[in-house]
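# Structural description and commentary
Okay, here's what each chain looks like letter by letter:
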Amino acid sequence: MSKLGNIPVQAKSEKKRTNPLARVFDELIQFCQSRSMFMLHYCTGCGAIELPPAMTSRFDMERLGIQPMVTPRQADILLVTGYVSVKTLKRVILTYEQMQSPKYVIGICSCTVNGGMYWQSYATAKVLNEYLPVDVYIAGCMPRPEAVIMGLRRLMSNIENGKGNAWKDYYERYDYYLGNQQHLFGDDWQTPVDVIGEAKFYDLEGEETYGEHTRTLEQHQEPLEAAVMRVKL
Amino acid sequence: MSVLDEVFILCALGALVLFVFHRIRGIEKLAVVFYAALLYLLIKMSGLGYGGEVIYSSFSLNILGETLQWRFDAVSWFFAIITVASGLFSAVFMSGKWGESYREKTSNAAYGTLQIALLLNVNSMLILLASGDLLSLFIGWELVSWASFMMMALNPDKQARQAAIKYIVYAMAGAMAFLAAMAYVYGITGSLQYAELAQASAALSNGQIILLSLLFFTGFAIKMGLIPFHLWQAVAYAETPAPGAVFLGAISARMGLYAIIVVLIQLIGLGHLQQIHIPFTFWNLQTVLAWVGALTTIIPTYIALKQNDARHLLAWHGVGQGGYMLLGLMTLNSLGSAGGLLHVFNYATYQAALFMTIGAVIYRTGTANFDKLGGLVTQMPLTFMVMVFSIIGLAGLPPMNGFVSKWMVYRSLLLDGEPLLFVAAVIGTLGTILSVYKLVHNTFLGQLRVEHQNVREAPLSLLIPMLVLAAIMFVTGMMPGLVLDWVASAQLAMGLVPVTYNLGGIVLASGGLDMIWITLILFYGLGVGAIIFYLLGGRAKRVHQYDNYAGGHFLTSRVRYHYSHNFYAGLMHLIGGWYRGSFKKLEQAIVSLVSLLSQLSENMYRSAQPAMMVIIVVVLSLWSISGGIN
Amino acid sequence: MASFNSISELLAQLLFMPMLAFLLGLVMVLMYRKIAARLQRRIGPPFFQPVYDIVKLYSKDTQISHGLIHDIGIVVAVGGYVAAVILLPVPGMDGIADKGGIITLSYFLMIPSLGMALGVGQCANPNGSIGISRALTAMLAYDIPFIIVVFGVALHYQSTSLVGMIDYQQAHQWGIFEMPLLAAAGLFALQGMMGKHPFEIYVAPAEIATGPMVEMSGKFMGGLFVMQSFQFYVASVLYTSLFLGGGANWFEFLLKIFFVVEIPMSISFLFPRYRTEDMVRIMWKWPVMLALIGIAFVI
């Protein structure tokens, strides 16, 4: 297990599946996932201005199967396009948690990498991947549409090769991310999304899913169980 | 002794027993047994539904040289079986938990009175349906009016009382019109027997027929709530206690349709309706009546769309659906009139079920106000299911029974080449779809309110009649031939050509309907859809209702995130201005006029100026002595 | 043996007609996106893009459901169309078109929408509810001209059976030449029925976050994509059967349905969106007027 930044990169399981069809389908699915990406652009800063040219006739992202979507439920990629203030970050995290896996985060502009020109700001979250698992950063202030498309293509090839798995890290090391979030927002931080419940339900728990921060969360968390439809006479 | 006699004896016995013992607990079980026995007797007469002979009651009365007699033909039997079945379902509905809670809220006596009211309604309707001449029809008519009034007046709420009073005023006006028509008939024929009127009507002049039809029709239209007499019904029915609303909503107003069938179609005759042209127009009497039906489908349906209380919404639909029945009947061809009659049955099944679901919701939550409900589907899934079945029926979509009858009406309008009536019927249906979605969305879907998180499913005594009705809706939707047997017999009795049908639907050379196939194909499609959904996709986690997209906003129980008020805002931007309340204003104007006149005459009568009085009396008497009118 | 043959034939049709409809619908979705791209001077998606989208959506690892009705809503939305296309005759396959006819079909087509409406309702998202309220209003708007057109056509052919109508047209001449006004009104209503610009008020992405689709993820969204391809197919085949004489053979049939569906697709990117009440107003005015005049000619 090597590390890329603070995201551990898991080597792909060497064990080949016995059923040849399973492998065919896996590859087909990975291929389709890489060729069909719905993106949700969370336009936090100036980087957003570079997306319209990337989508429209000059560069035409739809060639690559990338098209904008409106709600996090439908989207695969979260584009965070610029500096993230503490207040914004809460919404970014909620939006990310409401997206459905496999989901990818792309940080556009230097601000998402290290705070950029807001380095000294007390109200800006500087390193995005402390709070969310970021798949690809596109540095620049601002990156040109060509660069944005480069970044998207990088993500595509990652997905196609089965390497776009950062989203699993959020479940497996939820305690780490939650700790950073609590550090910023206070101990009573919680979103209406039941990440731990999801990790349990989809069997995505890792060693660091639980920890001291999730215990803090449990202490004050409002219950998030879905209302069950049952006939109680 | 004929079976009809047994029915009447049972009715009398039932009324007597219930009247004496109505305060006793357990009377509700006896009532259920009573309706079941009544239903059994009707089933014994079921030969009528399959082309049997008319059954006469063995007793008759002689009053002032008029013979009053009672009999059941296929039409009466068709209506009677719906009536008694509705009574049975309402009785079961109120026999269990609902009755207990009603007792607690009011008293034993009040609950007993509700039972008596229901029983009197059923009995008086049977008497009306069995009537064999105009006088007994009138007696039955009055009994039904007062029995309904008794039912409506049980709710002590002010609005309900006002509605009940309004109803009885309307009903009296209708009865006066009926009475006038009877007097006119007596004047012409010297008898009140059906046969004599039928004979005499052949020789009547057009003017006489129009006057007669108008008087009769006014009387019957008021009961049915047809345009322009639609204002009384919805509020009165909606505010009645739930089982009463179930019964009244399902069948009560259809007595008007029965009377229209008996008098206008059987007695005055089809030929007349078609021959008589309204002066200065292209219309004949039949077209006018059909348009009354068409307008009744549209206007009340769109009034329903504006309602903010589930009961009122349903009751307004009840008025609107009456329009389809009249419209179908007034096509006067075999297919359309069968559709109209079939709709009476179908409508009774889903309207009863709908009022029951709302009764159950009120039983559990205490309200039917759309602004105070929402998201109940997880708490009351079976009630929701019944409501979905019923709204599919009400909206007239396959595979429920409502579709079949509406299809028959559309198809016959198509065969007749009546584009405007057809469009009117479709506009009514579309409006129904809109408002039933509003109904189901605002009660059962959307966000569950915090105060309803511990609401439970309706108790079994409420659920059983609902579920049985839902099953009937589905089965008669898939196999309409079951009911079309009865309808065809009724058509024969009315003197119409019966519709050609089979178990699955309608047989027509140029495109018929086969509901068995349609239902099977629908279920095949749903099966494929389920396979695609459940086998091709991964697992889906159920999430909490606050885990919801709100543009990044954090949802909590403090802020309600739900859309129910002014549900069709966009549409209302356009048509909102058309709700001018013209009929209400007209009603108010008539009320003011009547009260002005009565005040004038009262003032005159009690006036402190006897001289004035004397002068008027003298002038009037002189005028009449000197020849007066002649 | 004849009955056995007809049964096996019917079973084959039950299987093939929905599959065919789905595949053709996918091509139509591609066409829609390609036309959009070309009108905006873009290249547009690759040929298999609709397939990629659907496979991706169905293969999502996690997805949310707001409850059983949410699930059933999608089942009905897809299943209703699967059933509806069996009532639509295509060359060589009549399915069970003779059991229903055009009136049944027009009401049958409301079942998927109603199913979806119920499913969306359980999502407890007001954006979705607003979307449904607008969608039903839109239905009220376009169904009135559509139903007048249906009436006129059925009156003209003296039949409500689609098979009968197609036979008549192939024996005489296409409906569009005999009833040009009704055909024009039908095309107008078709634009609304497809739910695309300028009548896509109930989706309105920037305003109510795609309305009914707001809480749809993974296979739920995938179901709606499948439904969309059925929608294109049904709209085009219905119009072709009513006015363009169906298809004597597959080549002619495909040519016609793609031609029909291309017209509203091209129009859709030329206009901005109408408000709900404006849509109702325009639908109740022009196509209704055209259709009523058309009916007057038919009678």
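First, a word on scope: everything that follows refers to the structure included in this document. (Residues numbered from 1 in each chain as written. Chains lettered and ligands numbered in written order. Predicted model: local features only at pLDDT ≥ 70, side-chain atom pairs only at ≥ 80, totals over all residues. Heavy atoms only, no water.)

## Description of the pattern of salt bridges
Across all of its chains, the model carries 26 salt bridges over all chains by this definition. Across the pair Glu-587 of chain B and Lys-166 of chain B runs a salt bridge whose closest N-O atoms are separated by 3.4 Å. Taken together, the residues span a long stretch of sequence, with Glu-587 of chain B in helix α24 (residues 582–606) and Lys-166 of chain B in helix α7 (residues 158–189) at a distance of 421 residues. Residue classification places Glu-587 of chain B among the buried positions, given a relative accessible area of 14%. A salt bridge links Asp-71 of chain C to Arg-542 of chain B; the shortest N-O distance between them is 3.0 Å. (Salt bridge = Lys/Arg side-chain N within 4 Å of Asp/Glu carboxyl O. Helix = DSSP H or I, 4+ residues; strand = E, 2+ residues; numbered from the N terminus. Buried < 20%, exposed > 50% of the residue type's maximum accessible area, 1.4 Å probe, protein only.)

## As for a negative patch on the surface
A surface patch of negative charge is lined by Glu-9, Asp-94, Asp-98 and Asp-167 of chain C. Here Glu-9 of chain C shows up in helix α1 (residues 2–39). (Patch = residues over 30% accessible without salt bridge, like charges linked within 9 Å, V, L, I, M, F, W, Y side chains within 5 Å. Areas by Shrake-Rupley, 256 points an atom, 1.4 Å probe, with all protein chains shown as cover. Lys, Arg positive; Asp, Glu negative; His and termini not counted. Charge placed at Lys NZ, Arg CZ, Asp CG, Glu CD.)

## So, the sheet that holds strand β5 (residues 513–514) of chain B
All names here are of chain B. With antiparallel pairing, three strands are arranged side by side in an open sheet as β3-β4-β5. Of all strands in the sheet, those bounded by a partner on one side alone are β3 (501–502) and β5. Of the strand pairs in this sheet, β3 and strand β4 (residues 505–506) are connected by two bridges, and their pairing is antiparallel. For Tyr-501, the partnering residue across the bridge sits in β4 and is Ile-506. (Pairing = 2+ DSSP bridges.)

## Let's talk about the sheet that holds strand β3 (residues 37–42) of chain A
Residue and element names in this part refer to chain A. Reading across from one edge, β4-β3-β5-β7-β9 is the order of the five strands in this open sheet, with parallel pairing throughout. Each edge of the sheet is formed by a strand with only one pairing partner; in this case those strands are β4 (66–68) and β9 (136–138). Each strand of the sheet is rotated relative to its neighbour by a mean of 25°, with strand direction disregarded. Judged from the four bridges that link them, β3 and strand β5 (residues 77–81) form a sheet pairing that is parallel. Across the sheet, Met-39 pairs through a bridge with Ile-77, a residue of β5. Running at roughly 170° to β9, helix α5 (residues 145–160) makes contact with β3, β4, β5, β7 (104–108) and β9 of the sheet. (Axes fitted to C-alpha atoms, helices over the stretch in contact; angles between N-to-C directions. Contact = heavy atoms within 4.5 Å.)

## Some remarks on the interface of chain C and chain B
In this complex, chain C contributes 73 residues to the contact, which on the side of chain B involves 76 residues. Counting the surface lost from both chain C and chain B, the interface buries some 6400 Å², and carbon and sulfur atoms represent 76% of this. Considering only the surface of chain C that becomes buried against chain B, Lys-99, Tyr-107 and Phe-151 of chain C emerge as the three largest contributors, covering 11% of it. The interface formed by chain C and chain B contains one salt bridge. (Buried area = accessible area lost by both parts, 1.4 Å probe.)

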